Number of protein chains: 2
Amino acid sequence: MTAERVEVKQKVLSANDRLAAEIRADLTSRGVLCLNLISSPGSGKTTLLEKTIDELKSKLRLAVVAGDVQTRNDAERLERHGVPVEAIETGGGCHLNAEQVSKSLSGLGLSELDLLFVENVGNLVCPSSFDLGESMKVVLMSVTEGEDKPLKYPAAFRRAGALVLTKIDLIPHLQFSAERAVENARSINPELEVFATSSFTGEGLAEWLDWLLEAAERKRSG
Amino acid sequence: MTAERVEVKQKVLSANDRLAAEIRADLTSRGVLCLNLISSPGSGKTTLLEKTIDELKSKLRLAVVAGDVQTRNDAERLERHGVPVEAIETGGGCHLNAEQVSKSLSGLGLSELDLLFVENVGNLVCPSSFDLGESMKVVLMSVTEGEDKPLKYPAAFRRAGALVLTKIDLIPHLQFSAERAVENARSINPELEVFATSSFTGEGLAEWLDWLLEAAERKRSG
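Being a predicted model, the structure only gives us computed values, none of them experimental.

So, how was this worked out
- Residues numbered from 1 in each chain as written.
- Chains lettered and ligands numbered in written order.
- Predicted model: local features only at pLDDT ≥ 70, side-chain atom pairs only at ≥ 80, totals over all residues.
- Heavy atoms only, no water.
- Least-squares fit on C-alpha atoms with pLDDT ≥ 70 in both.
- Contact = heavy atoms within 4.5 Å.
- Buried < 20%, exposed > 50% of the residue type's maximum accessible area, 1.4 Å probe, protein only.
- Helix = DSSP H or I, 4+ residues; strand = E, 2+ residues; numbered from the N terminus.
- Pairing = 2+ DSSP bridges.
- Buried area = accessible area lost by both parts, 1.4 Å probe.
- Salt bridge = Lys/Arg side-chain N within 4 Å of Asp/Glu carboxyl O.
- Polar contact = N/O pair within 3.5 Å; in protein donor to acceptor, adjacent residues only side chain to side chain.
- Axes fitted to C-alpha atoms, helices over the stretch in contact; angles between N-to-C directions.
- UniProt positions renumbered as here; feature names shortened; annotations may be inferred.
- Core = buried A, V, L, I, M, F, W, Y, C linked by side-chain atoms within 4.5 Å.
- Parallel < 35°, antiparallel > 145°, perpendicular 65-115°, else oblique.
- Left-handed = near helix turned anticlockwise from the far one by under 90°.
- Nonpolar A, V, L, I, M, F, W, Y, C, P; charged D, E, K, R; others polar.

(A) Just the relation of the copies chain B and chain A, in detail. With an RMSD of 0.0 Å, the fit of chain B onto chain A corresponds to turning through 180° and sliding 0.0 Å along the axis. Overall, the copies show the geometry of a two-fold rotation axis. In this assembly, 100% of the residues forming the interface of chain B have copies in chain A that are likewise at the interface, indicating an isologous arrangement.

So, in structure tokens, the structure goes:
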């Protein structure tokens with residue numbers, strides 16, 4: 001990268017970080033837990049959110065900001081589950097930034113919320129560099145992607161507080177060791193909470209949902 | 001994006017494009033077919049290359065430039081198959097650029113080659129914007145990623161000459177229609193060559209290998 005390019009990138013990141021800090025302060029003052037979901041394309045972020053919304057919407061006040069390079073498909077899928085959803089189409093952009101999230105939040109009644117999900121663009125690299133004001137990043141990884149992904153894309157795993165392994169129903173058809181995948185992820189970030197889930201069979205979802213309920217309760221009670 | 005940022009991005013892209021044009025002219029003058037492989041993380045680029053190398057190395061002179069954010073794992077896997085491999089670790093960078101490829105090529109005996117693969121960083125967004133001097137981009141998409149990916153990440157599909165659907169052995173365990181996926185891809189790019197493959201069972205590889213042999217032959221005979 002040229003020196004000029006590095007300098008512009010630094011400016012962009014620090015403007016982003018200032019706005020993210022404002023978003024975080026605002027959400028915290030209102031007791032809203034905000035999770036920034038990061039993964040490769042097709043890892044199952046939207047499907048996990050559909051299941052999560054169905055199970056939690058009677059217990060928590062939920063909303064979603066759904067980012068995509070193109071189309072509003074994910075946002076439309078999620079809206080059908082009866083919670084407020086704001087779509088962000090990046091039009092080629094490879095990650096969400098704090099400015100986009102800040103604008104979307106003005107469309108949501110933040111004082112009426114307990115838990116806000118931000119579904120980032122499907123990309124295991126760029127989104128991990130951009131603070132969106134979230135309480136925590138959550139990285140998803142499908143078992144079909146292979147055990148080595150935490151080693152090859154370490155930033156997303158290092159900056160996340162939780163890892164959700166998805167599609168574990170497919171393990172019998174793969175050469176994949178969940179133990180090794182988790183070992184690799186914890187070698188990058190020993191503090192990671194780990195959930196092994198299948199949105200198809202429902203396996204492992206109870207632990208994920210309990211954890212969300214507890215984290216939202218902790219956030220609400222400051 | 002700020003005006004300043006757009007301007008720097010334009011400069012970077014046009015410097016990249018000039019170098020890519022030089023690489024392309026050089027490879028073309030030597031009759032080397034160069035394919036730039038683009039996909040999400042874990043779509044099976046490296047495994048497809050392993051199978052391809054095993055089948056074609058007695059018929060074509062092959063080499064690989066293997067890009068990764070971190071680790072040289074892919075390059076080491078590919079080297080075991082007995083062809084020259086140059087690794088590029090981007091150290092956080094979300095795509096390969098022409099400068100990295102140009103440096104790697106100086107380590108390979110280009111006059112001795114028929115077919116050069118460039119395995120890009122696993123990312124369905126950013127790599128599609130950077131010309132590396134390839135003869136053609138090839139986009140891979142695993143059936144586990146879902147039928148909608150061409151619509152959500154159109155640039156990679158628009159700029160590719162061929163689509164390789166991977167892991168088709170998993171289709172019986174998924175809610176996935178290959179027809180709809182291909183229809184979506186061709187709605188973005190009607191000219192796409194499409195191969196439906198499983199590196200695990202070997203299904204569909206013969207068509208892919210035949211196509212590579214013919215394309216390399218066409219390139220060699222100018």
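(B) Structural context of the pairing of strand β4 (residues 115–119) of chain A. All names here are of chain A. Counting buried positions over the five residues of β4 gives five, a clear majority of the element. Every second residue of β4 is oriented toward a common face, with Leu115, Phe117 and Glu119 on one face and Leu116 and Val118 on the other, all of them buried. As paired strands, strand β1 (residues 33–38) and β4 are joined by five bridges and run parallel to one another. In the sheet register, Leu35 faces β4, and the bridge partner there is Phe117.

(C) Unusual backbone geometry, seen in detail. Not every positive phi belongs to a glycine, and A:Thr71 is a case in point at roughly 80°. Considering the arrangement of structural elements, one finds A:Thr71 in the loop between β2 (62–68) and α3 (73–79). The backbone of B:Lys167 sits at a positive phi, close to 60°, despite the residue not being glycine. Along the polypeptide, B:Lys167 turns up in the loop between β6 (160–166) and α7 (178–188). By relative accessible area, B:Lys167 is classed as buried at 17%.

(D) How the structure looks around the interface of chain B and chain A. Chain B puts 37 residues into the contact, and the matching count from chain A is 37 residues. When chain B packs against chain A, close to 3000 Å² is buried across both sides, 60% of that on carbon and sulfur atoms. Where chain B meets chain A, there are four salt bridges. For the salt bridge of A:Lys152 with B:Asp68, the shortest nitrogen-to-oxygen distance reads 3.6 Å. Between chain B and chain A we count 10 residue pairs in polar contact (both at pLDDT 80 or more) in total. Secondary structure elements with two or more residues in the side of chain B that touches chain A: α1 (3–29) and α5 (149–152) of chain B. In terms of residue count, α1(B) provides more of the side of chain B that touches chain A than any other element does, five residues in total.

(E) Structural detail: the sheet that holds strand β3 (residues 85–89) of chain B. All names here are of chain B. Overall, parallel pairing links the seven strands, which are arranged β3-β2-β4-β1-β5-β6-β7 in an open sheet. Only two strands of the sheet have a single partner each, and these edge strands are β3 and β7 (193–196). Taking each pair of neighbouring strands and ignoring which way they run, the sheet shows an average axis angle of 20°. Across the sheet, helix α2 (residues 45–56) lies against β1 (33–38), β2 (62–68), β4 (115–119), β5 (136–142) and β6, angled at about 165° from β4, the strand it touches most.

(F) The UniProt feature "domain: CobW/HypB/UreG nucleotide-binding" (unreviewed entry) in chain A, seen in detail. Taking the UniProt record as the reference, the feature "domain: CobW/HypB/UreG nucleotide-binding" (unreviewed entry) is found at residues 37–195 of chain A. The distance separating the terminal C-alpha atoms of residues 37–195 of chain A is 14 Å; by composition the span is 30% helix and 23% strand.

(G) Region of the structure containing the nonpolar core. One finds A:Leu105, A:Leu116, A:Phe157, B:Leu105, B:Leu116 and B:Phe157 to be the most contacted residues of the largest nonpolar core, which totals 84 residues. The residues contacting A:Phe157, other than those within four sequence positions of it, are A:Leu124, A:Val139, A:Met141, A:Lys149, A:Pro150, A:Leu163, A:Ala185, A:Ile188, A:Asn189 and A:Leu192.

(H) Spotlight on the side chain of B:Thr166. Residues and elements named next belong to chain B. Mapped onto the elements of the fold, Thr166 is located in strand β6. Note on Thr166: relative accessible area 4%, which makes it buried. In contact with Thr166, not counting residues within four places along its chain, are Ser43, Leu140, Met141, Ser142, Val143 and Thr197.

(I) Fine view of the sheet that holds β2(A). Residue and element names in this part refer to chain A. Strand order in this open sheet of seven strands is β3-β2-β4-β1-β5-β6-β7, and the pairing throughout is parallel. Of all strands in the sheet, those bounded by a partner on one side alone are β3 (85–89) and β7 (193–196). Between one strand axis and the next, the sheet turns through 20° on average, direction left out of account. Strand direction decides the pairing type here: β1 and strand β5 (residues 136–142), joined by four bridges, are parallel. When the bridges of β5 are listed, Leu35 appears paired with Met136. Lying on the sheet, helix α4 (residues 98–105) is in contact with β2, β3 and β4; it crosses β3 at an angle near 145°. In this fold helix α7 (residues 178–188) packs onto β5, β6 (160–166) and β7, with an angle of close to 165° to the strand it touches most, β6.

(J) Inspection of the pattern of salt bridges at higher detail. Within this structure, the stated rule accounts for 26 salt bridges over all chains. A salt bridge links A:Lys137 to A:Glu134, with the shortest nitrogen-to-oxygen separation between them at 2.7 Å. Its salt-bridge partner being B:Glu217, residue B:Arg220 comes within 2.5 Å of it at the nearest N-O pair. Linking B:Arg220 with B:Glu217, this pair stays in helix α8 (residues 205–220), spanning three residues, or about one helical turn. Three or more residues are tied together by salt bridges with common partners; here these are A:Asp68, A:Asp74, B:Asp148, B:Lys149 and B:Lys152.

(K) Spatial organisation of the packing of α1(B) against helix α4 (residues 98–105) of chain B. Residue and element names in this part refer to chain B. Two elements in contact, α1 and α4, have axes whose closest approach is 9 Å; the angle formed by their N-to-C orientations is 30°. On the basis of the axis angle, α1 is roughly parallel to α4. The element α1 and its partner α4 pack so that their crossing is left-handed. Only Ala98, Glu99, Val101, Ser102 and Leu105 of α4 make contact with α1, whose side of the interface consists of Asn16, Leu19, Ala20 and Ile23. Looking at side-chain class alone, the contact of α1 with α4 contains six nonpolar, two polar and one charged residues.

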